[in-house]
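One letter stands for each residue in the lines below.
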Amino acid sequence: PPHPSTHRTSPRNAMAAVAPTLRAPFLATPRGARALSRGSARAPARSRHRGHVAVAADATASGSSALDTLMGAKIIAPDGGGDDAVRSSVQTYYGETLQTSDDLKTSACCTPYDLPKRIRGILSNVPDEVKAKYYGCGSPTPQGIDGLRVLDLGSGSGRDCYVAAALVGESGRVTGVDMTDAQLDVARAHTQSYCAETLGYNSPNMEFKKGTIEDLAAAGVGDESVDLIISNCVVNLSPDKPAVLSEAWRVLASGGEFYFSDVYCDRRLPDEIRSHPVLLGECLGGAMYVEDFKRLCVGTGFADPRVLEGHEIEVRDEELKALLGEARFYSLTYRLFKLPGRLESICEDYGQYVVYKGTIDGHPNAYSLDDHHRIEKNKPFLVCGNTASMLGETWLGKHFDVHGDRSVHYGAFDCGGPPVAMPGGDGAGACASGACC
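Residues numbered from 1 in each chain as written. Predicted model: local features only at pLDDT ≥ 70, side-chain atom pairs only at ≥ 80, totals over all residues. Heavy atoms only, no water.

1. Focus on the packing of aromatic side chains
Selection rule: Any two rings among Phe, Tyr and Trp, with Trp reduced to its six-membered ring, count as a pair given centres within 6.5 Å; such a pair is stacked if its planes are under 30 degrees apart, edge-to-face if over 60, and tilted if neither. Per-residue accessibility, obtained with a 1.4 Å probe over protein chains only, is compared with the maximum for each type, and a residue is labelled buried under 20%, exposed over 50%, and partly exposed between these values. Under the DSSP-based scheme used, a helix requires at least four consecutive residues in state H or I and a strand at least two consecutive residues in state E, with every element numbered from the N terminus.
For the structure shown, the criterion picks out 12 aromatic pairs. Residues phenylalanine 258 and phenylalanine 260 carry aromatic rings whose centres are separated by 4.1 Å and whose planes lie at 25° to one another, so their mutual orientation is stacked. According to the relative accessible area criterion, phenylalanine 258 is buried, its value standing at 0%. Assessed through its relative accessible area of 0%, phenylalanine 260 is described here as buried. Centre to centre, the rings of tyrosine 356 and phenylalanine 400 are 5.1 Å apart; their planes meet at 35°, and the pair counts as tilted. In this pair, tyrosine 356 is assigned in strand β9 (residues 352-356) and phenylalanine 400 in strand β13 (residues 400-403), connecting sequence segments 44 residues apart. Exposure remark for tyrosine 356: the relative accessible area of 0% places this residue in the buried category. In this structure phenylalanine 400 comes out as buried when scored by relative accessible area, which is 4%. Following the ring pairs from residue to residue traces out a cluster consisting of Phe258, Phe260, Tyr264, Phe293 and Tyr334.

Listed below in structure tokens is the structure:
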């Protein structure tokens, strides 16, 4: 076979990607812009094989609960209440306080960048009422998902479900889960007419269920019943993020993906911010420190979380800006794959390469798995074992030819250094959590 490209793309730590230590806006570098051959010279990486950093918790506190609170995985309820108080605060904010997206005080629940052409076309036919009640921070609906079973966590007015219903086709299925009656009423009001009249389906392929994203079983979502989970600026609102990820793992079929946009912070937040009702509603109070979030992913089973894109969030309200101080927030789109036993803690080299067929809708010439793997059509592309599994053993598999297996191991995969300078200024660094994220 032709010799694969020796292109070695740079890994990107999620917060290195937005360079918080440089006090600059989100820095976009050309994906896959750094080519390295096996013999190329580069600055030595700092601790390329490092493991996960442990987080210390108060020894007198109770195990995982204390750790979750420290990490921000558990939200502190306004007025000292429990999880129900958190949910009540969020329901009030999105069901009553906000009338439209114009009422937001930050850019956290807005999508600032251009959407793909096909998505824009679909949105032009989505009912105006559904779009007016949209509070998302990204575009967590991949193209090329025809025939898949899709679940939207915290579907709100249903905008992303309406888009997904068009993308999966009549043979696919879309389910939205939300806890706010006012939002569900909007989502359900147009389901029949949209599917029948706009999409031309014989019967609706979309439904909306009331429930919490921490307990999908109560909403009737069964084990391994979906292929793709999407979510748009909702996980940060959950009072129990470990439960959200555990439920996502449970309902995903093997090879499934959790593809979602959410808000993260460059540090752990103090209690007065994490319990502030407006900041909770604006998706900042519940934002986890991004490194803690990755630890939570790995602990749940979602090894090697990948970042696809992101941007810094603008705080428009001066009072909130003063309260937040130097904390900085980012909207990031993550890709978490359910591949039990297939994703390793660091990138390993098995001599594998992939070839993209150019068959994913909207990506005729190249496809970006994440922010440092952009794969051109018909060009052999060297990958680590984790990336080979993500591209060959998931819903993406029909669009890629994966060459080689794991029968021969050649050591650690040479990931290269991050494209954005880390503290120290030499551009050297390590893969976040030891893998290609």
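2. Examining the pairing of strand β5 (residues 252-265)
Note the following rule: Only when DSSP finds a minimum of two bridges between them are two strands counted as paired. Classification remark: right-handed applies to a crossover when, strands pointing away from the viewer, the course from the first strand over the helix to the second runs clockwise.
Of all 14 residues making up β5, 13 are buried, and the element is well covered by its neighbours. In the sheet, strand β4 (residues 226-232) pairs with β5 via 6 bridges, with the strands oriented parallel. Following the sheet pairing, valine 226 is matched in β5 by leucine 252. Taken together, β4, helix α8 (residues 241-251) and β5 form a β-α-β motif whose crossover is right-handed. Bridge analysis of β5 against strand β8 (residues 329-337) gives 9 bridges, and the strand direction is antiparallel. Across the sheet, residue tyrosine 259 finds its bridge partner in β8, namely arginine 335. Here β5 pairs with strand β6 (residues 288-289) via 2 bridges, running parallel. Residue pairing across strands places tyrosine 264 opposite methionine 288, the latter belonging to β6.

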